[in-house]
Each structure stands twice: as C-alpha cells, then as structure tokens.
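These are the residues of each chain, in order.
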Amino acid sequence: QVQLVESGGGLVQAGGSLRLSCAASGRTFSPYAMGWFRQAPGKEREFVAAIRWSGANTYYGDSVNGRFTISRDNAKNTVYLQLNSLKPEDTAIYYCAATNIWASRMQRTDIYDSWGQGTQVTVSS
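Below or above, wherever it landed, is the structure these notes cover.

How each quantity is defined
- Residues numbered from 1 in each chain as written.
- Predicted model: local features only at pLDDT ≥ 70, side-chain atom pairs only at ≥ 80, totals over all residues.
- Heavy atoms only, no water.
- Helix = DSSP H or I, 4+ residues; strand = E, 2+ residues; numbered from the N terminus.
- Polar contact = N/O pair within 3.5 Å; in protein donor to acceptor, adjacent residues only side chain to side chain.
- Contact = heavy atoms within 4.5 Å.
- Salt bridge = Lys/Arg side-chain N within 4 Å of Asp/Glu carboxyl O.
- Buried < 20%, exposed > 50% of the residue type's maximum accessible area, 1.4 Å probe, protein only.

Observations concerning the side chain of T119
Here's step 1: Its location among the elements puts T119 in strand 11 (residues 119–124).
Here's step 2: From its side chain, T119 meets the backbone nitrogen of G9 in a polar contact 3.1 Å long.
Here's step 3: The contact partners of T119, leaving out residues within four places of it in the chain, are E6, S7, G8, G9, L20, A92, I93 and Y94.

Structural data, given as structure tokens:
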C-alpha cells in the first residue's frame, strides 16, 4: 500500500476556489491511479474525480464536472484537485485514494486500497 496525506482544505466563500493536494509515500507512486472522494455529514462517500497513472485519462463525477480539475505530478508523488466555482453543497471532507485498477468503475470505493485521512472543505453562502 501507499500512504496518502491530503492538505489544502479550508473555509471559502461560494464562488471561490481551493486547491487540494495529496502527497504519497511508501511504494512507488506512478503505477497507481488516483481518485478523490468526498463525504458530507450524514451522506455516503461520493466519487469526485480519478486520474490514470500517466495523467492521460481523467474521469469526473457528474456533480463536479466542469468545475473541478484533477491532475498529478509523478515526480513529486502528488495528486491535485483544483476546486473552482465552489458551492455550499461542496462542503465535505475530501479524501484521496489509490488503486492499481483503471476501469469503468473508478467511482466505486471498493477498488481503492489506500486512503488518506481527509481534509475539510467548507463553503459558506
């Protein structure tokens, strides 16, 4: 497994932006596809975005498509999530995750075998 640590969360007004980072350590980072999920209080964990190990392929959840951008820098063992045009309903804990799989089911939590502790994003109206 690879160890993951998220950062970059915080409090922002609606319409604002944040950039989340997820730093990986442990096993070699490059072969892993990376995903971002979020979980709001009382709700199930929701898929946000995923990126293939090469960075050539990305996949987004419907609720964030067009507003959020996932990217990665394999030289820095880091994956990023740029959050733009934030809405109060984007308020959640954001988690990054790693998997050896790249398939049509990237939105499923059970294909990821490493998870970070999460970073809180709060969007005020």
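A short note on the pattern of salt bridges
Here's step 1: Summed over the entire model, instances satisfying the criterion amount to four salt bridges.
Here's step 2: For R38, the salt bridge goes to E46, with nearest N and O atoms at 2.8 Å.
Here's step 3: When its relative accessible area of 6% is taken as the criterion, R38 is described as buried.
Here's step 4: Its salt-bridge partner being D90, residue R38 comes within 2.8 Å of it at the nearest N-O pair. Placement of the pair is R38 in strand 4 (residues 33–39) and D90 in the loop between strand 8 (78–83) and strand 9 (92–99), with a sequence separation of 52 residues.

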